[in-house]
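This is what each chain is made of:
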Amino acid sequence: MIKKFLAVLTLLFLAFGYSNATNVAYVDMETVMNQSAKGKKYKAELDAKLKYYQNKAKELQNKIASLQSQLNSSALNQKAKEDKMKELRETARQLQNLEIQANEELAKMKAEAEKKMVSDIKAIAQKIAKDKNLDLILYGGLISGVLYADKKLDITDEVLKEYNK
């Protein structure tokens, strides 16, 4: 909701309040984030952490399945069944905690990576704006205030090249 408001505000600003801006460009943030070496590195780190948590979860799920199978055995006495039930509940709790931990850690890693990348890209865009005497740089991508921009205004490749240095 806020992003939509900012996008509309940006467009209104461009249309009415900043009509003297003659040097305008835009950067496709999504492209830079996905195609840059740093973006690929962050994605690989996230994927590795996700795989780690998936493997841990699979181990716990296998243990739960094994315990459930053991509980169905008629060879267990009442005390052994109670012990297995206790172990089953504890393992299920561990799985639930692991899922919570994984979600929190992955979200934090993603947010930190995005924050760092946006900060870096912004600094590069500011440098390019000064070098090219640009008055305004808009951001494009999946969620942005740019509905259309002529390719000649696109400095994404230039930002990507600089970001990969």
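The helix and strand tally for the protein stands at five helices and two strands. Traced from its N-terminal end to its C-terminal end, the protein shows the element sequence α-β-α-α-α-β-α. Looking at the protein residue by residue over its 165 residues, the buried ones come to 27%. Summarising the internal contacts of the protein: among those between residues at least 6 apart in sequence, 82% fall at separations of at least 24. In the form shown here, the protein has an accessible surface area of approximately 11900 Å², with 55% of it arising from carbon and sulfur atoms.

Across all of its chains, the model carries one aromatic pair by this definition. A ring pair is formed by Tyr52 and Tyr53, whose centres lie 5.2 Å apart and whose planes are at 70°; its orientation type is edge-to-face.

Oppositely charged side chains can form a pair if their charged atoms are brought close together. Enumeration over the complete set of coordinates arrives at 13 salt bridges. Asp47 is the salt-bridge partner of Lys43, the closest N and O atoms lying 3.1 Å from each other. You can see Lys43 and its partner Asp47 sitting in helix α3 (residues 37–71), four residues apart, about one turn around the helix. Residue classification places Asp47 among the partly exposed residues on the basis of a relative accessible area of 38%. We note a salt bridge from Glu90 to Arg93, for which the minimum N-O separation is 2.3 Å. Of the two residues, Glu90 and Arg93 are both situated in helix α4 (residues 78–132); the distance of three residues between them amounts to about one turn of the helix. A relative accessible area of 32% places Glu90 in the partly exposed class. Three or more residues joined by partner-sharing salt bridges are found here, namely Lys38, Lys116 and Asp120.

Ranked by internal contacts, the top residues of the largest apolar core, which has 17 residues, are Val32, Ile121, Ile155 and Val159. At the level of secondary structure, the elements contributing two or more residues to this core comprise β1 (24–28), α2 (29–35), α4 and α5 (156–163). The biggest single contributor to this core is α4, with six residues. If we skip the residues at most four places from it in the chain, Val32 touches Val27, Ile121, Thr156, Val159, Leu160 and Tyr163. Listed in part, the ten residues of the second largest apolar core include Ala57, Leu67, Leu88 and Leu98.

Below, the discussion takes up the confidence of the model for the protein. On average, the protein scores 86 in pLDDT, and the residues at 70 or more come to 85%. Summarising per-element confidence for the protein, the mean pLDDT is lowest in helix α1 (residues 2–17) (52) and highest in α3 (95).

Right, let's talk about the environment of Ile121 for a bit. Summarising the element assignment, Ile121 is placed in helix α4. Of the residues examined, Ile121 reaches a relative accessible area of 2% and is grouped as buried. Sequence separation of Ile121 and Met29 is 92 residues, and the distance between their C-alpha atoms is 8.1 Å.

A few words on the packing of α3 against α4. Packing of α3 against α4 leaves a shortest axis separation of 9 Å and a crossing angle of 170°. Here α3 lies roughly antiparallel to α4, going by the angle between them. Here the contact of α3 with α4 is built from residues that sort into 19 nonpolar, seven polar and twelve charged.

Rules and cut-offs
Residues numbered from 1 in each chain as written. Predicted model: local features only at pLDDT ≥ 70, side-chain atom pairs only at ≥ 80, totals over all residues. Heavy atoms only, no water. Helix = DSSP H or I, 4+ residues; strand = E, 2+ residues; numbered from the N terminus. Buried < 20%, exposed > 50% of the residue type's maximum accessible area, 1.4 Å probe, protein only. Contact = heavy atoms within 4.5 Å. Areas by Shrake-Rupley, 256 points an atom, 1.4 Å probe, with all protein chains shown as cover. Phe/Tyr/Trp six-rings, centres within 6.5 Å; stacked < 30°, edge-to-face > 60°. Salt bridge = Lys/Arg side-chain N within 4 Å of Asp/Glu carboxyl O. Core = buried A, V, L, I, M, F, W, Y, C linked by side-chain atoms within 4.5 Å. pLDDT = per-residue confidence, 0-100. Axes fitted to C-alpha atoms, helices over the stretch in contact; angles between N-to-C directions. Parallel < 35°, antiparallel > 145°, perpendicular 65-115°, else oblique. Nonpolar A, V, L, I, M, F, W, Y, C, P; charged D, E, K, R; others polar.

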